[in-house]
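An overview of the molecular structure
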Amino acid sequence: MRPLLLALLLAATPSGPFVLPLSNGLYLLLDETLHVRRVSPSASQAQADLQAWTTGRDIYTSLCSRCHGADGADRSYAGGNVKPINGLGQRYSEDELLERTERPGTVDLGNLDARLRHALAVYVSGL
């Protein structure tokens, strides 16, 4: 990216995650650090992804980050018996990640309805 364009983008960056439309018709969901978290094919899908991603981040922060770390890469909790979950979105489809939220595990996600499990899958897919 050109330095001036990057400087302008950084200066105009909102304090939270946001959607950036591209000239090719795609939309990028960027977090506060300007990491691309999702690519969406339409403005309406991008807004839905933004809402799901922020909800998923809140769920992850409250239920998952203590063991998996903020970036999903932590293995140190409970003597290293925690599997890292960063990069799962590169190995599994969103449907497969959603299915994994329904499996029994150390943390019971059974209290999350389908919408919240979907939001968690959206967030984890970008770690």
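The rules behind these values
- Residues numbered from 1 in each chain as written.
- Predicted model: local features only at pLDDT ≥ 70, side-chain atom pairs only at ≥ 80, totals over all residues.
- Heavy atoms only, no water.
- Helix = DSSP H or I, 4+ residues; strand = E, 2+ residues; numbered from the N terminus.
- Areas by Shrake-Rupley, 256 points an atom, 1.4 Å probe, with all protein chains shown as cover.
- pLDDT = per-residue confidence, 0-100.
- Pairing = 2+ DSSP bridges.
- Axes fitted to C-alpha atoms, helices over the stretch in contact; angles between N-to-C directions.
- Disulfide = S-S within 2.5 Å.
- Buried < 20%, exposed > 50% of the residue type's maximum accessible area, 1.4 Å probe, protein only.
- Expected span 1.5 Å × (residues − 1).
- Contact = heavy atoms within 4.5 Å.
- Salt bridge = Lys/Arg side-chain N within 4 Å of Asp/Glu carboxyl O.

Below, the discussion takes up the overall build of the chain. Per the secondary structure count, the chain includes six helices and three strands. For the chain, the succession of helices and strands along the chain, N to C, is α-β-β-β-α-α-α-α-α. In the structure as shown, the chain presents an accessible area of about 7,900 Å², 54% of it carried by carbon and sulfur atoms.

With 87% of its residues at a pLDDT of 70 or more, the chain has an overall mean of 84. Averaged pLDDT values for the elements of the chain fall to 58 in helix α1 (residues 3–11) and rise to 94 in helix α2 (residues 43–63).

Here we take up unusual backbone geometry. Despite not being glycine, Leu34 shows a phi value in the positive range, around 70 degrees. Tracing the chain through its elements places Leu34 in the loop between β2 (27–30) and β3 (36–40).

Our next topic: the sheet that holds β2. Sheet architecture is open: three strands sit in the order β1-β2-β3, paired in antiparallel fashion. The two strands at the open ends of the sheet, each matched to only one other strand, are β1 (18–21) and β3. This sheet shows a mean twist of 25 degrees between the axes of neighbouring strands, independent of strand direction. Pairing between β2 and β3: four bridges, direction antiparallel.

Once that is clear, we can look at the state of the cysteines. Within the structure shown, the criterion is met by zero disulfides. Its sulfur unpaired, Cys67 is 8.5 Å from the next cysteine sulfur, which belongs to Cys64. On the basis of relative accessibility, which here comes to 17%, the residue Cys67 falls in the buried class.

The next thing to look at is α2. Its 21 residues place the ends of α2 30 Å apart at the C-alpha level, agreeing with the 30 Å of an ideal helix rising 1.5 Å per residue. Packing partners of the buried residues in α2 comprise β1, β2, β3, α3 (65–68) and α6 (114–125).

So, on to the pattern of salt bridges. Summed over the entire model, instances satisfying the criterion amount to four salt bridges. Of the charged contacts in the structure, one is a salt bridge between Arg37 and Asp31, with a shortest N-O distance of 2.8 Å. Judged by relative accessible area, which is 22%, Arg37 ranks as partly exposed. The class for Asp31 is buried, based on a relative accessible area of 5%. Glu94 serves as the salt-bridge partner of Arg38, at 2.8 Å between the closest nitrogen and oxygen. In this pair, Arg38 is assigned in strand β3 and Glu94 in helix α5 (residues 94–101), connecting sequence segments 56 residues apart. Residue class for Glu94 comes out partly exposed when judged on its relative accessible area of 26%. Salt bridges linked by common partners bring Arg38, Asp49 and Glu94 together as one network.

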